[in-house]
Amino acid sequence: MAAYDVIVIGSGPGGYVSAIRCAQLGLKTACVEGRETLGGTCLNIGCIPSKALLHASHMLHEAEHNFAKMGLNGKSPSVDWKQMQAYKTETIRSNTNGVEFLFKKNKIDWIKGWGQIITPGKVRVDDTVHETKNIIIASGSVPSSLPGIEVDEKIVVTSTGALTLPKIPKKMVVIGAGVIGLELGSVYARLGSEVTVVEYLDAITPGMDAEVQKTFQRILKKQGLKFVMGAAVQSVDKLKTKAKVNYKLRKDESYHQIETDVVLVATGRKPFTEGLGLKELGVKMSDRGQIKTDERWQTNISGIFAIGDAIDGPMLAHKAEDEGMATADVIARKHGHVNYNVIPGVIYTSPEVANVGVTEDELKQQGIAYKIGKFMFMGNGRAKANFAADGFVKLLADAKTDRLLGAHIIGPSAGDLIHEICVAMEFGATAEDLALTCHAHPTYSEAIREAALACGLGAIHS
Ligand code: NAI
């Protein structure tokens, strides 16, 4: 008899959440993880450490720009980079220890090492073969660089190296104006680096609402970030302690160079599936290196499932978590559910940017008649008091039925505010349902109600 009902490979947010859910459902569960600590990219070298640096640098920004306005006088704090790194490390430690505690609480075995599937039902870790009825692959993703660029994680870094730079660089070039580039770019800009973002497209954050893109770029420029748009980076020349980034402007095909202390390559991530033995097993993969699964997250091989960044869809921790829980449900109870239409996306800059559902462009393409309810944070009392009035809430609702179809927010706590709309969309709510819901005053969330009112007779404060 197999020792386990489920072996999960990988302990990132997809894997560890899935393992806990499996255990809660009464399945004997193990999780294979080769890193020193649990939590995967997100907890160790991704979401969590970057949020610590975003928070610390945001505090500095507040002290430098807003304290005096509130009558809080005195010298602005100076940056102790070693201590900021220690704070980041401690944040990681308490989170990864938390997962270890949850594993013990739920009686999940942590098999330390890198797993390889030898046949369905058999996972080898080092010299030991573990038998199991089901396998869930949650092996995540790694940064994907560009041809002509050699990452050394010192001068030419990915998000991993950018979190542990030995000192704050004078100059930083960020390749790619996506989520990673803008989050980490704004950290270093606030800490005093001269940050230039070089982006291939003509707009930042591809796929996002066009109005949000414009407002976001304007705000980031105001914060000191420089942008070179429509520029294809060709290569990076490494010098002794610096680097030169070579790019071609798309509009006139002219070639340019920027010299810098650090280059952050933030041009996307790719699934990490090396060493799992998938090719030998005949697991079907897409052209983009993603594991193919059916609607129940099962691969073409019975008993082998895959979730998270290693499969299709947005590379987001919470999408992986949802798939992890749903797969546990599929294994234990034959049915699992993820609503892919209601997966929020958040950029944790300052202000935050958040979205859920469709964009206006998508509605136009689909030929769906829609209405827009927009409300500027300038009309929100709480935002004004907190120097956070730049930005807006934009709701998209079906023109005929008033059903909420999408939301795009740039402004204070956007990453938290978006969830009110996620819940509303899950319940099939209309803009009027939101507008009729009493919202406490004074809160940022009133901006959502006002945007909902703007889908009807009109907002009150605009
Ligand atoms: P991304 O796909 O979001 O952005 C990459 C950018 O690089 C694009 O704008 C692209 O046009 C540009 N680019 C590509 N080649 C280029 C070239 N040769 N020259 C100039 N620009 C070029 O990728 P990113 O930011 O690396 O993020 C990777 C993944 O991680 C994403 O799926 C993202 O959703 C996820 N992530 C999510 C976070 C969050 O939810 N807050 C935080 C960090 C990562």
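All of these numbers come straight from a predicted model, not from anything done at the bench. (Residues numbered from 1 in each chain as written. Predicted model: local features only at pLDDT ≥ 70, side-chain atom pairs only at ≥ 80, totals over all residues. Heavy atoms only, no water.)

Draft legend 1. Representation of the packing of helix α1 (residues 13-24) against helix α4 (residues 81-105). Packing of α1 against α4 leaves a shortest axis separation of 10 Å and a crossing angle of 20°. As judged from the angle between their axes, α1 and α4 are roughly parallel. Here the hand of the crossing between α1 and α4 comes out left-handed. Packed against α1, whose contacting residues are Y16, A19 and I20, the element α4 presents V99, L102 and F103 at the interface. Its residues assigned to classes, the contact of α1 with α4 shows six nonpolar, no polar and no charged. (Axes fitted to C-alpha atoms, helices over the stretch in contact; angles between N-to-C directions. Helix = DSSP H or I, 4+ residues; strand = E, 2+ residues; numbered from the N terminus. Parallel < 35°, antiparallel > 145°, perpendicular 65-115°, else oblique. Left-handed = near helix turned anticlockwise from the far one by under 90°. Contact = heavy atoms within 4.5 Å. Nonpolar A, V, L, I, M, F, W, Y, C, P; charged D, E, K, R; others polar.)

Draft legend 2. Region of interest: the site of the ligand. Around the ligand there are 23 residues in total, and I180, E199, V233, G268 and V346 lie nearest to it. Within the backbone of I180, a nitrogen or oxygen atom sits 2.9 Å from an oxygen atom of the ligand. Here A266 contributes a backbone N or O atom positioned 3.4 Å from an oxygen atom of the ligand. When the ligand is considered free in solution it has 850 Å² of accessible area, and contact with the protein chains removes 79% of it. Listed by contribution, the elements that provide at least two residues to the shell around the ligand are α6 (179-190) and β12 (231-238). Considered class by class, the residues forming the shell around the ligand number 16 nonpolar, four polar and three charged. (Near = heavy atom within 4 Å. Polar contact = N/O pair within 3.5 Å; in protein donor to acceptor, adjacent residues only side chain to side chain. Areas by Shrake-Rupley, 256 points an atom, 1.4 Å probe, with all protein chains shown as cover.)

Draft legend 3. Fine view of the pattern of salt bridges. Following the criterion strictly, the structure yields 21 salt bridges and no others. A salt bridge links K28 to D109; its shortest N-O distance comes to 3.7 Å. Placement of K28 in the loop between α1 and β2 (29-33) and of D109 in strand β3 (residues 109-112) is noted, with a sequence separation of 81 residues between them. K28 sits in the partly exposed class, given a relative accessible area of 37%. (Salt bridge = Lys/Arg side-chain N within 4 Å of Asp/Glu carboxyl O. Buried < 20%, exposed > 50% of the residue type's maximum accessible area, 1.4 Å probe, protein only.)

Draft legend 4. View of the side chain of S186. With respect to the element layout, S186 can be found in helix α6. When its relative accessible area of 1% is taken as the criterion, S186 is described as buried. Among residues more than four places away in sequence, those in contact with S186 are L54, L220, L225 and T349.

Draft legend 5. Geometry of the sheet that holds strand β21 (residues 392-398). Taken together, the five strands give an open sheet; going across it, the order is β18-β19-β22-β21-β20, and neighbouring strands pair in antiparallel fashion. Each edge of the open sheet is held by one strand with a lone partner, namely β18 (345-347) and β20 (370-376). Pairs of neighbouring strands in the sheet enclose a mean axial angle of 10°, with direction left out of account. Where strand β19 (residues 352-357) meets strand β22 (residues 404-411), six bridges bridge the pair, whose relative direction is antiparallel. Following the sheet pairing, A354 is matched in β22 by I409. Lying on the sheet, helix α7 (residues 210-222) is in contact with β18, β19, β20, β21 and β22; it crosses β22 at an angle near 10°. (Pairing = 2+ DSSP bridges.)

Draft legend 6. Looking closely at helix α14 (residues 446-454). Turning to α14, its buried residues are E446, A447, I448, E450, A451 and A452. Against the buried residues of α14 lie β20, β21, β22, α12 (414-426) and α13 (431-435).

Draft legend 7. Region of the structure containing unusual backbone geometry. Across the junction of S350 and P351, the peptide omega takes the value 5°, indicating a cis bond. With respect to the element layout, P351 can be found in the loop between β18 and β19. Cis geometry is adopted by the peptide bond preceding P442, which originates at H441 and carries an omega value of 0°. For K334, which is not glycine, the phi dihedral falls at a positive 70°.

Draft legend 8. Representation of the sheet that holds strand β13 (residues 243-249). Sheet architecture is open: three strands sit in the order β12-β13-β14, paired in antiparallel fashion. Only two strands of the sheet have a single partner each, and these edge strands are β12 and β14 (255-260). For this sheet the average axis-to-axis angle between neighbouring strands, irrespective of direction, equals 25°. With six bridges joining them, β13 and β14 adopt antiparallel strand pairing. The residue of β14 that forms the bridge with K248 is Y255.

Draft legend 9. The nonpolar core, seen in detail. Formed by 49 residues in total, the largest nonpolar core has its most connected members in F103, I117, I136, I137 and I291. The element best represented in this core is α1, accounting for six residues. Every residue in contact with I137, bar those within four places of it in the chain, is listed here: I9, I117, L276, L278, I291, I304, F305, A306 and I307. L184, L225, A266 and I347 belong to the second largest nonpolar core, which has 36 residues in total. (Core = buried A, V, L, I, M, F, W, Y, C linked by side-chain atoms within 4.5 Å.)

Draft legend 10. Quick peek at the domain arrangement of the chain. Along its sequence, the chain is carved into domain 1 (4-143 + 270-331), domain 2 (156-267) and domain 3 (345-454). Spacing between the C-alpha centres of domain 1 and domain 3 amounts to 30 Å. Contact residues are listed per partner, giving six residues for domain 1 and four residues for domain 3. Along the contact surface separating domain 1 from domain 3 lie zero salt bridges. Inspection of the region where domain 1 meets domain 3 yields one residue pair in polar contact (both at pLDDT 80 or more). (Domains from an automatic or database assignment.)

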